[in-house]
Amino acid sequence: MKKTRLLSLFMAMLLVVLAALTGCSSSTKEEDGAGNGGSTEADVSWKDKDPKEIEGEITFITQRTDIVDTVFPEYEKEFQKIYPNVEVNFEALTDYGGQITPRMNTEDYGDVLLMAPQVPIEDIPNFFEPLGKLDEMEKDYMGVEERAVDGTVYGIPIAVTYTGVVYNKKIFAEAGIDKTPRTIDEFMQALNKVKDNTDAIPMYTNYAAGWPLTQWQGAITTVAGDAAYYNQTLVNEKDPLVPGKPQYELYKIMYDIAKQGLIEKDPLTTDWELSKEMMGKGEIATMVLGSWAIDQIKGVSENPDDIGYMPFPTNAEEVIFPLGADLQIGVNKHTEHKDAALAWVDWFIHDSGYAVEQAGGISAAKSVPLPEELKAYEEQGVVFSLLEPAKEGQEGLLDQIDKESEVGFWLEDNKKRIIEAAIGNRDETYEDINKELNADWNEAAEKIKGE
C-alpha cells in the first residue's frame, strides 16, 4: 500500500511538471512563430565592447541556498572590477527544478539561470540564448554536448565533478604508506597498514546514512578502465555481475573491506556530519565520495592540507578519473540585458573559482588549470574523462533495466546488504548476493529489450 501511495503521488507530481512545461513550450513556440525557438546563432558582439560599456541589472537564479548571501555577493564585487556598470542580484531556490519550471511559463525566470533537468532537451531553444556551435565550443569546454540541440550549445556546466577516495595524508604517513595505492591489492594493503599502525578507522562506510554508499557506483568507470563501459557496454552484456566483470569487482572491494574489519566497529550507528569532523581530526583514513565532499571535509578539518583525494583503486591498464557535468548555466532568451548576462556567464565559468572552491570539481573551461593535487595525477598518466553517452537508440535503456531488475546501481539497499553479509548480519555470501542479482538483471534485460 505504501508503495502504491508513493507511486500515485509521484505520478501526480510528474503530470503537474509536464503540464507546466508543455504549456510553457507551446506558448513560447507560438510567440516565436517557429518550433526552434528563433535564431540559433550566438550573439558574441559583447566580447568586442569595452567592459565599461556593458551595463544593466541582472538576476542570477541558483540552487545554492547555502552560499547565496555570502559567497555570491563577493563574486559580484570581483565581477564589477571588470564590469563596473553591471549589477548582479542573486536568488536561490530550495527546490530548484520544482520552482523554476512553473516560472518558465512566463518570461520572468531571471536573466541567468541553471537548466533544470525537468526541461526536455528539445525545448531548450525556446527558453535559452544560444552560446555557440557545438563543434567549436567542445574544443574549449567539457560537457557542453549534454544540453546542445541540433548542434547549438545553450549551456555550460557550472562545474565538472569526479569520483574517487578522500583520504587523510597524515594518517597515511603514520601508517607507513609512502605513495597513494593504484591497484586493488595495494589499496587493501594500505588499509591494513592503517589498521595495524594507527588508531584511525581505515575506511568509513557511513552505512547508517545510506546514501554515501551510492557514491561507490561513480567509481565503476575507474574499475572498468573504460569511459564507455557504463553507458555502452554494461547495457549490452549478459551476466554483468559475475567475477571478473567491473560491477562485481567494484563491490567485492566493499565486501572485503567490511569482511576484514577495516570499517567502523558499528556501521549501524554511523553519523555523516560527524564523519567529516572525524576525518579532519585524523580519526578516519578514507571515504569513497564524490569530489564535492572535499571542501566540506576540509572546512571542518584541524589542518585542511591533511585532506587529499586519489583515484579509486583499479587493476585496469588505464586509470580514469570519471568526470560528470554539473547543472548547466545559461541565459534567458528574453533578457533585456543580454550583454551583461553573457558577460556574467563567461566570468562565472572562467574566473569565479566556483567549480573548485564551491563545487569540489574542476572548471568546464579547458583553459582553466587543474588544481595542484590533480595535476600530479595527470603527470602520472591518470586520465580525466567524461563518460561516453549511450549509443543512439539506447538512451535510458540502462536505467530501465536497472529499475526492472531492482539491482539499484544508484540506490543504497543492495550496498547495505553487502555490508551486512560481510559483517555477519546476514546468512549469505557475496557470491550468493551476486548470483541472485545477476539472474534478476538478465531476466529484466530480456524483458526490456524484448529478446
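As the structure is a computational prediction, the values presented were derived from the model and not from experiment.

## Quick look at the nonpolar core
Next up, step 1: Core analysis: the largest hydrophobic core is formed by 138 residues, its most contacted members being Phe 60, Trp 216, Ile 257, Ile 329, Trp 344 and Phe 348.
Next up, step 2: With 9 residues, helix α12 (residues 338-350) is the single largest residue contributor to this core.
Next up, step 3: Aside from chain neighbours lying at most four places away, what touches Ile 257 is Phe 187, Met 188, Leu 191, Met 203, Trp 216, Leu 262 and Ile 263.

## A word on empty space enclosed by the protein
Next up, step 1: Taken as a whole and judged by the stated rule, the model has 3 cavities of 30 Å³ or more.
Next up, step 2: Lining the largest cavity are 13 residues, and of these Leu 241, Gln 247, Tyr 251, Ile 418 and Leu 437 lie nearest its centre.
Next up, step 3: For the lining of the largest cavity, the secondary-structure elements that each account for two or more residues are α9 (246-259), α16 (413-422) and α17 (430-449).
Next up, step 4: Its residues assigned to classes, the lining of the largest cavity comprises 7 nonpolar, 5 polar and 1 charged.
Next up, step 5: When its volume is computed, the second largest cavity comes out at roughly 50 Å³.
Next up, step 6: Residue lining of the second largest cavity: Met 203, Tyr 204, Thr 205, Asn 206, Pro 212, Trp 216, Met 287, Val 288 and Leu 289, and that is the complete set.
Next up, step 7: Sort the elements by how many residues they give to the lining of the second largest cavity and strand β9 (residues 284-290) lands first, with 3 residues.
Next up, step 8: Across the lining of the second largest cavity, the residue classes break down as 7 nonpolar, 2 polar and no charged.

## Digging into the layout of surface pockets
Next up, step 1: Volume-wise, the largest pocket comes out at about 2000 Å³.
Next up, step 2: Tyr 230, Asn 231, Leu 387, Asp 399 and Trp 410 are, among the 47 residues lining the largest pocket, the residues nearest its centre.
Next up, step 3: A per-element tally of the lining of the largest pocket places helix α15 (residues 397-405) first, with 5 residues.
Next up, step 4: Looking at the lining of the largest pocket, its residues break down into 21 nonpolar, 16 polar and 10 charged.

## What about the pattern of salt bridges?
Next up, step 1: Applying the stated criterion to the full structure yields 19 salt bridges.
Next up, step 2: The residue Lys 49 makes a salt bridge to Asp 339 at a minimum N-O spacing of 2.4 Å. Note that Lys 49 is positioned in the loop between α1 (2-32) and β1 (56-62) and Asp 339 in helix α12, a separation of 290 residues in sequence.
Next up, step 3: Exposure remark for Asp 339: the relative accessible area of 15% places this residue in the buried category.
Next up, step 4: Taken together, the salt bridges that share partners define one network made up of Arg 417, Glu 420, Arg 426, Glu 428 and Glu 436.

## Here's the deal with the side chain of Glu 428
Next up, step 1: Mapped onto the fold, Glu 428 is located in the loop between α16 and α17.
Next up, step 2: Its relative accessible area of 16% is what places Glu 428 among the buried residues.
Next up, step 3: Side-chain polar atoms of Glu 428 contact the side chain of Arg 417, separated by 2.9 Å.
Next up, step 4: Excluding its chain neighbours within four sequence positions, the residues that come into contact with Glu 428 are Arg 417, Ala 421 and Ile 433.

## A word on the sheet that holds strand β2 (residues 86-92)
Next up, step 1: The strand order across the open sheet formed by 5 strands is β2-β1-β3-β12-β6, and the pairing between neighbours is mixed. Unpaired on one side and paired on the other, β2 and β6 (156-157) mark the two borders of the sheet.
Next up, step 2: With 2 bridges connecting them, β1 and strand β3 (residues 112-114) associate as parallel partners. Bridge pairing in β3 links Phe 60 to Val 112.
Next up, step 3: Of the strands in this sheet, β1 and β2 are in contact with helix α2 (residues 71-80), which crosses β2 at around 165 degrees.
Next up, step 4: The sheet strands contacting α12 are β1, β2, β3, β6 and β12 (328-331), and the helix crosses β12 at an angle near 160 degrees.

## Focus on the packing of aromatic side chains
Next up, step 1: Summed over all chains, the structure comprises 33 aromatic pairs.
Next up, step 2: A centroid spacing of 5.8 Å and a plane angle of 85 degrees characterise the contact between Phe 60 and Phe 72, whose relative ring orientation is edge-to-face. Taken as a pair, Phe 60 in strand β1 and Phe 72 in helix α2 lie far apart in primary sequence, 12 residues in all.
Next up, step 3: Overall, the relative accessible area of 0% leaves Phe 72 in the buried class.
Next up, step 4: Among the aromatic residues, ring-to-ring pairing joins Phe 60, Phe 72, Tyr 75, Phe 79, Tyr 83, Phe 90, Trp 344, Trp 347, Phe 348 and Tyr 354 into one connected group.
Next up, step 5: Between the NZ or CZ atom of Lys 416 and the centre of the ring of Tyr 207, over which it lies, the distance is 4.9 Å.

## Quick word on α9
Next up, step 1: Along its 14 residues, α9 runs 20 Å from first to last C-alpha, staying within 8% of the 20 Å computed at 1.5 Å per residue.
Next up, step 2: Every buried residue belonging to α9 is among Pro 246, Gln 247, Tyr 248, Leu 250, Tyr 251, Ile 253, Met 254, Tyr 255, Ile 257 and Ala 258, and all of these are buried.
Next up, step 3: Looking at the packing, one finds that the buried side of α9 touches α6 (184-197), β8 (201-203), α7 (220-224), α8 (229-233), α16 and α17.
Next up, step 4: Just beyond α9, the residue with positive phi is Gly 261, at close to 70 degrees.

## A closer look at the side chain of Arg 147
Next up, step 1: As for its position among the elements, Arg 147 is in the loop between α4 (134-137) and β5 (152-153).
Next up, step 2: No salt bridge is formed by the buried Arg 147; the nearest opposite charge belongs to Glu 146, separated by 5.0 Å.

## Observations concerning α6
Next up, step 1: With 14 residues, α6 should cover 20 Å at 1.5 Å per step; its first-to-last C-alpha distance of 20 Å lies within 8% of that length.
Next up, step 2: Listed in full, the buried residues belonging to α6 are Ile 184, Phe 187, Met 188, Ala 190, Leu 191 and Val 194. Buried residues of α6, seen end-on, are gathered within an arc of 155 degrees and therefore sit on one face of the element. For α6, the exposed residues set more than 90 degrees away from the buried face come down to Asp 185 and Asp 196.

Cut-off values and rules
- Residues numbered from 1 in each chain as written.
- Predicted model: local features only at pLDDT ≥ 70, side-chain atom pairs only at ≥ 80, totals over all residues.
- Heavy atoms only, no water.
- Core = buried A, V, L, I, M, F, W, Y, C linked by side-chain atoms within 4.5 Å.
- Buried < 20%, exposed > 50% of the residue type's maximum accessible area, 1.4 Å probe, protein only.
- Helix = DSSP H or I, 4+ residues; strand = E, 2+ residues; numbered from the N terminus.
- Contact = heavy atoms within 4.5 Å.
- 1 Å grid on protein atoms, 1.4 Å probe; cavity = no way out; pocket = protein on both sides within 12 Å on 5 of 7 lines; lining within 4 Å.
- Points joined across faces, edges and corners; volume = space filled by probe spheres on them.
- Nonpolar A, V, L, I, M, F, W, Y, C, P; charged D, E, K, R; others polar.
- Salt bridge = Lys/Arg side-chain N within 4 Å of Asp/Glu carboxyl O.
- Polar contact = N/O pair within 3.5 Å; in protein donor to acceptor, adjacent residues only side chain to side chain.
- Pairing = 2+ DSSP bridges.
- Axes fitted to C-alpha atoms, helices over the stretch in contact; angles between N-to-C directions.
- Phe/Tyr/Trp six-rings, centres within 6.5 Å; stacked < 30°, edge-to-face > 60°.
- Lys NZ or Arg CZ within 6 Å of the ring centre and 35° of its normal.
- Expected span 1.5 Å × (residues − 1).
- Lys, Arg positive; Asp, Glu negative; His and termini not counted.
- Arc of directions from axis to C-beta.

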